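Structural description and commentary
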Amino acid sequence: MSPADQGLPPWRLLLKQARLKEGHSPMGRWLQLASIGPDGSPRVRTLVFRGWWNHNSLELLTDGRSAKQQQLQRDPRVELCWLLPKAQSQFRLRGHRHNLDQGERMQRQTHHWLRLQPEARALWGWPPPGQELDSAGDWPTAIPDGTTMPDSFALLRLEITHVELLELRHSPHRRRCWGSEDGWQEVALNP
Ligand SMILES: Cc1cc2nc3c(=O)[nH]c(=O)nc-3n(C[C@H](O)[C@H](O)[C@H](O)COP(=O)(O)O)c2cc1C
C-alpha cells in the first residue's frame, strides 16, 4: 500500500485496483450518475470522473444549465454506477451532492477549467443543453487557453456514504457493501 493510500476506505483501494486494470482506456473514467427527476422518477446519464476531493468525495464537471443540475438542486441524492469491465466489477456509490460555498466553488472550478483541453472546453460554449436544436447558434469547436470560465461551467462534488461492489470473476459472484455510518465496515452479501 502506498503512503497516499493510507487511511483510505477499503472500497477505495478495491476501486483503485479495478481502475488500474483498465489502463489508459477513457472508458475507465466513465460512470453513470442517477438523480431524481421533478416528478420523482429516476434519471441517469454518463459522466467523466474528474478526480477525488477527499477519501469519500469525488468531482464531476457538467453544464450548469443542464437538467441534472436542476434535479440535484431540488434533491441532492445520487447514485453512481461505475462498471470496470476488465475487472468484471460493478461499484455502486450512493450519496449526495455537496454544497460548496462560493469561494471554494470558484477556486475548484478554475482548477478544472485550466486543466481542460481547448476542444473539451468547447461544450460549455454551446447553446443550452436539452433545448430544441439551435442550428443558427454559436457552436465553437474549441475555447482557447486564457478564456474566462463561462457561467455554464459547473462542478459537482458528490459525497459518498454507501458503496456496494459486485465482482463477477468469482463463482459464486462476490458481493459486499460498506457504509460511512459504521466506519466503512465490510458486510458480505449474497450475490
Ligand atoms: C462517454 C460520455 C461522457 C460524458 N461525460 C459527461 C460529463 O463529464 N459531464 C456531463 O455533464 N455530461 C457528460 N456526458 C453527457 C451526459 O451523458 C448527458 O447526455 C448530458 O450531461 C445531459 O444530461 P442531463 O440532461 O440529464 O443533464 C457524457 C456522455 C457520454 C456518452
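Everything here concerns the structure above.
Scoring rules and cut-offs
Residues numbered from 1 in each chain as written. Predicted model: local features only at pLDDT ≥ 70, side-chain atom pairs only at ≥ 80, totals over all residues. Heavy atoms only, no water. Pairing = 2+ DSSP bridges. Helix = DSSP H or I, 4+ residues; strand = E, 2+ residues; numbered from the N terminus. Near = heavy atom within 4 Å. Polar contact = N/O pair within 3.5 Å; in protein donor to acceptor, adjacent residues only side chain to side chain. Areas by Shrake-Rupley, 256 points an atom, 1.4 Å probe, with all protein chains shown as cover. Nonpolar A, V, L, I, M, F, W, Y, C, P; charged D, E, K, R; others polar. Phe/Tyr/Trp six-rings, centres within 6.5 Å; stacked < 30°, edge-to-face > 60°. Buried < 20%, exposed > 50% of the residue type's maximum accessible area, 1.4 Å probe, protein only. Lys NZ or Arg CZ within 6 Å of the ring centre and 35° of its normal.

What follows is about the pairing of strand E2 (residues 42-54). Relative to E2, strand E1 (residues 30-36) runs antiparallel, the two being bridged by seven bridges. Counted as the bridge partner of tryptophan 30 is valine 48 from E2. Pairing geometry for E2 and strand E3 (residues 57-63), over four bridges, is antiparallel. The residue bridging glycine 51 from the neighbouring strand is glutamate 59, located in E3. Between E2 and E3, which follow one another and run antiparallel, lie two residues.

Another aspect to go through is the site of the ligand. Every residue near the ligand is listed here: Trp30, Arg45, Thr46, Leu47, Val48, Arg50, Leu61, Thr62, Ser66, Ala67 and Lys68. A distance of 3.0 Å separates an oxygen atom of the ligand from a polar backbone atom of valine 48. Within the contact set of the ligand, an oxygen atom lies 3.3 Å away from a side-chain nitrogen or oxygen of arginine 50. Across the complex, the protein chains shield 60% of the 620 Å² of accessible surface that the ligand would expose by itself. Every element with two or more residues in the shell around the ligand is listed here: E2, E3 and helix H2 (67-74). Looking at the shell around the ligand, the element that brings in the most residues is E2, giving five residues. Split into classes, the residues belonging to the shell around the ligand amount to five nonpolar, three polar and three charged.

The next thing to look at is the environment of glutamine 117. Turning to its location among the elements, glutamine 117 is positioned in the loop between helix H3 (102-115) and helix H4 (118-121). As for glutamine 117 and asparagine 190, which are separated by 73 residues in sequence, their C-alpha atoms are 44 Å apart.

Once that is clear, we can look at the packing of aromatic side chains. Under the definition given, this model contains seven aromatic pairs. With 4.9 Å between their ring centres and 70° between their planes, tryptophan 113 and phenylalanine 153 make a pair best called edge-to-face. With a gap of 40 residues between them, tryptophan 113 in helix H3 and phenylalanine 153 in strand E6 (residues 153-167) connect regions that are remote in the sequence. Assigned by exposure class, tryptophan 113 and phenylalanine 153 land together as buried. Taken together through their ring pairs, the aromatic side chains of Trp11, Phe49, Trp52, Trp82 and Trp184 make up a single cluster. Cation over ring: arginine 12 sits above tryptophan 52, and NZ or CZ is 3.8 Å from the ring centre. Positioned above the aromatic ring of tryptophan 53, the side-chain terminus of arginine 157 is 3.8 Å from the ring centre.

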